[in-house]
Amino acid sequence: CMYFTFGGVQQGPHDINTFLGLKQAATEAILRNGGSLSHHHGVGYEHVPWMQRYQGKGGLQMLQGLKKVLDPKGVCNPGKLLP
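The structure presented is a predicted model; accordingly, all values stated were derived computationally and were not measured.

**Details of helix 1 (residues 15-32)**
Part 1 of the argument: Between the first and last C-alpha of helix 1 there are 26 Å, a value that for 18 residues agrees with the 26 Å anticipated at 1.5 Å per step.
Part 2 of the argument: Regarding helix 1, the residues found buried are Lys23, Thr27 and Leu31. Summarising the axial view, the buried residues of helix 1 lie within an arc of 55°, below the 170-degree limit, and thus occupy one face. Exposed and oriented more than 90 degrees from the buried face of helix 1 are Leu22 and Arg32.
Part 3 of the argument: Its buried side turned inward, helix 1 meets helix 2 (51-70).

Below is the structure:
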């Protein structure tokens, strides 16, 4: 298991786009090589775009169904984990 943390000071308005591009490239490489989206803090909302690919269609449907049963009003972190 490996963890990476990158820190830096945002110098301009385009820096976030650089970060997001790197994040996307890294996540794609991780999934392509059989890696996991989760880490010691859980999955995180930044990984929502990859949840179906990571969990599979059936796995995502199961998680969405479970969320509906356990949180029928949708008040627990809406949109933070499941698309």
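**Observations concerning the layout of surface pockets**
Part 1 of the argument: Approximately 320 Å³ is the volume attributed to the second largest pocket.
Part 2 of the argument: As for the second largest pocket, its lining consists of 15 residues, and the residues nearest its centre are Lys67, Cys76, Asn77, Leu81 and Leu82.
Part 3 of the argument: Residues belonging to the lining of the second largest pocket are distributed by class as follows: eight nonpolar, four polar and three charged.

**Notes on the nonpolar core**
Part 1 of the argument: With seven residues, the main nonpolar core is built from Leu31, Leu37, Val43, Trp50, Met51, Leu60 and Leu82.
Part 2 of the argument: Leu82 has contacts with Val48, Leu60, Leu63, Gln64 and Lys67, leaving out every residue within four places of it along the chain.

**Focus on the pattern of salt bridges**
Part 1 of the argument: Inspection of every chain in the model, using the stated rule, returns three salt bridges.
Part 2 of the argument: With a shortest N-O distance of 3.2 Å, Lys23 and Glu46 are connected by a salt bridge. With Lys23 in helix 1 and Glu46 in the loop between helix 1 and helix 2, the pair connects residues that are 23 residues apart, well separated along the chain.
Part 3 of the argument: The salt bridge partner of Lys67 is Asp71, with a shortest N-O separation of 2.4 Å.
Part 4 of the argument: Looking at Asp71, the relative accessible area reads 8%, which means it is buried.

Here is what the cut-offs are and how they apply
Residues numbered from 1 in each chain as written. Predicted model: local features only at pLDDT ≥ 70, side-chain atom pairs only at ≥ 80, totals over all residues. Heavy atoms only, no water. Helix = DSSP H or I, 4+ residues; strand = E, 2+ residues; numbered from the N terminus. Expected span 1.5 Å × (residues − 1). Buried < 20%, exposed > 50% of the residue type's maximum accessible area, 1.4 Å probe, protein only. Arc of directions from axis to C-beta. Contact = heavy atoms within 4.5 Å. 1 Å grid on protein atoms, 1.4 Å probe; cavity = no way out; pocket = protein on both sides within 12 Å on 5 of 7 lines; lining within 4 Å. Points joined across faces, edges and corners; volume = space filled by probe spheres on them. Nonpolar A, V, L, I, M, F, W, Y, C, P; charged D, E, K, R; others polar. Core = buried A, V, L, I, M, F, W, Y, C linked by side-chain atoms within 4.5 Å. Salt bridge = Lys/Arg side-chain N within 4 Å of Asp/Glu carboxyl O.

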